[in-house]
Amino acid sequence: MIRRVPRGKLLAATLALLATTALAQQQQEAPAQAPAPAATPAPAPAAPAAAALPPGSPLIGRPDNNPAAAKLAPVPAPPLATAENKLPLDKLKAPKGFNIEVYASGMPNARSMALDEKGTVFVGSRLQDKVYAITNKDGKRQVHVLVSGLYRPNGVAYKNGTLYIAELSQISKIDNVEDQIDKSPKPVVIYKDLPKDEAHGWKFLAIGPDNKLYFEVGQPGNNVLHDENHGQLRRMNLDGTGAEKIAFGIRNTVGFDWNPKTHELYFTDNGRDWLSEDLPNDELNRITKLGQDFGAPYCYQGNVADPEFGWGHSCSEFVPPVALMGPHAAALGMRFYTGTMFPSEYRDQIFVARHGSWNKSKKFGGDIALVKLNKDGSVKSVEPFITGFLQPDNNYVGRPVDVMNMPDGSMLISDDWNGAIWRLTYGPNKKVAGR
Amino acid sequence: MRSFVALLALGCVAALPASAQQLVKERLPTCLACHGENGQSQLEGVPSLGAQQAFYVTVQLLMFREKMRIADPMNDMAKDLTDTDLQGFAEIISQLPAPKPAAGPVDDARMARAQVLVQQNRCNFCHTPNFAGQQNVPRIAAQREDYLVKALRGYKDNSRHGYDASMADVIAPITDEQILDLAYYIARVK
């Protein structure tokens, strides 16, 4: 009955109305179906059926009275950065010919990265209030706190002298940022027409080949029938004007990039929690035209109808992912490799930071995955590439968040567990240069 | 009790560098002057710290230092602490004895009412069934009632941001009346 082919405010409003109406009907019908036993004294207050948790809680959907499930909760990252001499460099494993070194450390909760023409790397954070800048002068790297007092500044992007920062519910910019690195510049807000939800409210930010800022508004919870202002990707002009919604049915993407050949946008999307140990997989998606719907919360990974919201829908209504990234893997930052330092087979292929699962007894992910593409942009294979962030004892010693190309063809990897940035190089190299 | 604290200070922070050990030893009496010497605060609005989760204490001290959480005089107290100092204080605080539930007569009806709220809102999921907490989730068992009210109201009106968003989400549907009942219960439950 409910078709999700066209979409927009009207449809979302209709869906919301239908959902509300259905709920109201249930509530009205319930007493009639369960008449109170006659002549029983009013019972002492007993725990009623567990009330719905607020939409943002990661515990929504957790099965009751299941000891294995009760052990699972988001894994808290250490609040302090790991000291440089304690970083788990020797635990990380790269394919033959590749080297990993420490690029910079001492940035608690280091998350998304951006780069300017002078080689300065900007690093956002989700749980701290800071954006860091790593300057690189004559081979000497230095970490600066660029801005403090921000609220969940996960997203950073850079273009023509200006740094853009995405906080939980606003996007701001710092012009001439390179001249202000130690001057505590004050970001100027350019866009704040955003929900304030904490759940999946932090943002990834990138600038497309069309010179527009792209960012997502995630679903405000694990699995919710979101309204017309959530579960989507938006873009806007660099001055904050002209915002538009360009893709829908997105639960929470924390990484996207454009295919350097086709200019199509690829994005990771994290699947819901608590469906099962092995389902659903996170998605890698490709936008081939504006306005596509990728299924959440009705359908996950292209072929799993959600047990709660999937009724009345078919997964065929939605655009399927181009690749499955693993169950609860938390596939976050991703970039096409555009450098020439790595062997040519890696050029224009995708590197994906899989932060690693929490909602799974035997954890999955905690690596950099390599996604190889066919000529037509479809996916040929997904394989682990840099491993060791997740150790065989099922514990993390690091968690990758974002990857970024450097001008010399090396690749940086941010790690919010250690508050550090790793550098991946190829070729005969002085070993462990950073230490 | 002084000697106990002194012993504790010397014993459990032995893994820290000498400078941090010295600082923790010097400053701890100042902390406990307000927070209470046996893990139990006697001052209104000041939380008991006994047996608090070391992870949680580290996060809170960090938030005070970085002014991500504003609470006079803690921002001043924490402003010069190094990461190692934070860990030193967290470690020693976690080893203070746990506070004891509030004494005096108990309103059973109110306790029963609050117990339902605890179940409904699943406080025991993260804070654990005996409210001892775990890692980044604080011990709330036998915390001061007035402090629990203050903390919950802070999360509710967003004047206190959590390090992560858990409490902001959980507190959304809870009314002020329910906050009072929850605080009453958690301060007393045995």
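No experiment lies behind these values; they were computed from the predicted model shown.

Asks: Could you give an account of the overall build of chain B, naming the residues involved and the relevant values?
Replies: Each helix and strand counted, chain B has 10 helices and zero strands in total. Along chain B, helices and strands appear, N-terminal first, in the series α-α-α-α-α-α-α-α-α-α. In terms of overall dimensions, chain B has a C-alpha envelope of 50 × 35 × 25 Å along the principal axes. In chain B, buried positions account for 38% of the 190 residues. Of the contacts formed within chain B by residues at least 6 apart in sequence, a portion of 70% connects residues at least 24 apart.

Asks: So what about the sheet that holds strand β26 (residues 411-415) of chain A? Which residues, and what values?
Replies: Residues and elements named next belong to chain A. What the four strands build is an open sheet, ordered β1-β27-β26-β25; its pairing is antiparallel. Every other strand in the sheet has two partners, leaving β1 (98-104) and β25 (400-405) as the edge strands with one partner each. Averaged over all pairs of adjacent strands, the angle between their axes in this sheet comes to 25 degrees, without regard to strand direction. Across five bridges, the pairing between β26 and strand β27 (residues 420-426) is antiparallel. From the neighbouring strand, I413 faces β27, where its bridge partner is W422.

Asks: Mind laying out the interface of chain B and chain A, listing which residues take part and the relevant values?
Replies: The interface is formed by 26 residues belonging to chain B together with 17 residues belonging to chain A. Of all the elements in the fold, those that place two or more residues in the side of chain B that touches chain A are α3 (54-65), α5 (83-94), α6 (108-121), α7 (123-127) and α9 (166-171) of chain B. Top contributing element to the side of chain B that touches chain A by residue count: α6(B), with five residues.

Asks: Go over α3(B) with me, naming the residues and quoting the values.
Replies: All names here are of chain B. For α3, spanning 12 residues, the distance from its first C-alpha to its last is 16 Å, which sits close to the expected 16 Å at 1.5 Å a residue. Of all 12 residues in α3, 10 are buried; the element is thus mostly enclosed. Looking at α3, one finds that the buried residues are Y56, V57, T58, V59, Q60, L61, L62, M63, F64 and R65. On its buried face, α3 sits against α4 (74-78) and α5. In the segment just after α3, K67 is the residue with positive phi, at about 60 degrees.

Asks: Describe the pairing of strand β6 (residues 155-159) of chain A, listing the residues and the values that go with them.
Replies: Counting buried positions over the five residues of β6(A) gives four, a clear majority of the element. The hairpin turn running from β6(A) into strand β7 (residues 162-166) of chain A, its antiparallel successor, is two residues long, and A:N160 in that turn takes a positive phi close to 45 degrees.

Asks: So what's going on with the nonpolar core? Residues and values would help.
Replies: Nonpolar side chains in soluble globular proteins tend to be buried together. If you look at the biggest cluster of nonpolar residues, it comprises 118 residues, and the most contacted ones within it are A:F122, A:V123, A:V156, A:V352, A:L412 and A:I421. With seven residues, the single largest contributor to this core is α3(B). Each of domain 1 (2-94) and domain 2 (108-188) of chain B accounts for three or more of the residues forming this core. If we ignore the near neighbours within four places in the chain, the residues touching A:V352 are A:T268, A:M325, A:A331, A:M334, A:I368, A:A369 and A:V371. Membership of the second largest hydrophobic core comes to 21 residues, among which are B:A114, B:A142, B:L152 and B:Y184.

Asks: Describe in detail the confidence of the model for chain A, supporting the description with residues and values.
Replies: Residues and elements named next belong to chain A. Across chain A, the average pLDDT comes to 88, with 86% of residues at 70 or higher. In the model, residues 1-50 has pLDDT below 50 throughout and makes 25 contacts with residues more than four positions away in sequence or in other chains. Long-range and interchain partners of residues 431-435, a stretch whose pLDDT sits below 50, account for nine contacts in this model, where long-range means more than four residues apart.

Asks: Tell me about unusual backbone geometry, residues and numbers included.
Replies: As a rule of thumb, non-glycine residues mostly have phi less than zero, and peptide bonds are mostly trans rather than cis. For the bond running from A:A296 to A:P297, omega is 0 degrees, close enough to zero to count as cis. Along the polypeptide, A:P297 turns up in the loop between β17 (292-293) and β18 (299-300). Backbone geometry at A:A330 places phi at a positive 55 degrees, although glycine is not the residue there. On the neighbour-count criterion, A:A330 (26 C-beta atoms within 10 Å) is buried. Of note in this structure, B:Q135 is not a glycine but carries a positive phi near 45 degrees.

Asks: Explain the domain arrangement of chain B residue by residue, including any values.
Replies: Residue and element names in this part refer to chain B. If you check the domain split of chain B, you get domain 1 (2-94) and domain 2 (108-188). Relative to domain 2, the C-alpha centre of domain 1 lies at a distance of 23 Å. If you look at the interface, domain 1 gives 15 residues, while domain 2 gives 15 residues. Residues belonging to the side of domain 1 that touches domain 2 are distributed by class as follows: eight nonpolar, five polar and two charged.

Asks: Give a detailed account of the pairing of strand β13 (residues 244-248) of chain A, specifying residues and quantitative values.
Replies: The side chains of a regular strand alternate, residue by residue, between the two faces of the sheet. Residue and element names in this part refer to chain A. Taken together, the four bridges between strand β12 (residues 232-236) and β13 define a ladder with antiparallel strand orientation. Looking at β13, one finds that L233 is bridged to A247. Sheet topology places β13 next to β17; two bridges connect them, and they run parallel. In the sheet register, F248 faces β17, and the bridge partner there is D293.

Asks: Which residues make up the packing of helix α8 (residues 145-156) of chain B against helix α10 (residues 176-188) of chain B, and what are the values?
Replies: Residues and elements named next belong to chain B. Relative orientation of the contacting elements α8 and α10 amounts to 140 degrees, with a least axis distance of 8 Å. Looking at the two axes, α8 sits oblique to α10. Considering the relative orientation of α8 and α10, their crossing is right-handed. Counting all contacts with α8, which are made through E145, L148, V149, L152, R153 and K156, the residues of α10 involved are I179, L180, L182, A183, Y184, I186 and A187. Considering only residue class, the contact of α8 with α10 consists of 10 nonpolar, no polar and three charged.

What counts, and at which threshold
Residues numbered from 1 in each chain as written. Chains lettered and ligands numbered in written order. Predicted model: local features only at pLDDT ≥ 70, side-chain atom pairs only at ≥ 80, totals over all residues. Helix = DSSP H or I, 4+ residues; strand = E, 2+ residues; numbered from the N terminus. Buried ≥ 20, exposed ≤ 12 C-beta atoms within 10 Å, placed from the backbone. Contact = placed C-beta atoms within 7 Å. Pairing = 2+ DSSP bridges. Axes fitted to C-alpha atoms, helices over the stretch in contact; angles between N-to-C directions. Expected span 1.5 Å × (residues − 1). Core = buried A, V, L, I, M, F, W, Y, C linked by C-beta atoms within 7 Å. Domains from an automatic or database assignment. pLDDT = per-residue confidence, 0-100. Nonpolar A, V, L, I, M, F, W, Y, C, P; charged D, E, K, R; others polar. Parallel < 35°, antiparallel > 145°, perpendicular 65-115°, else oblique. Left-handed = near helix turned anticlockwise from the far one by under 90°.

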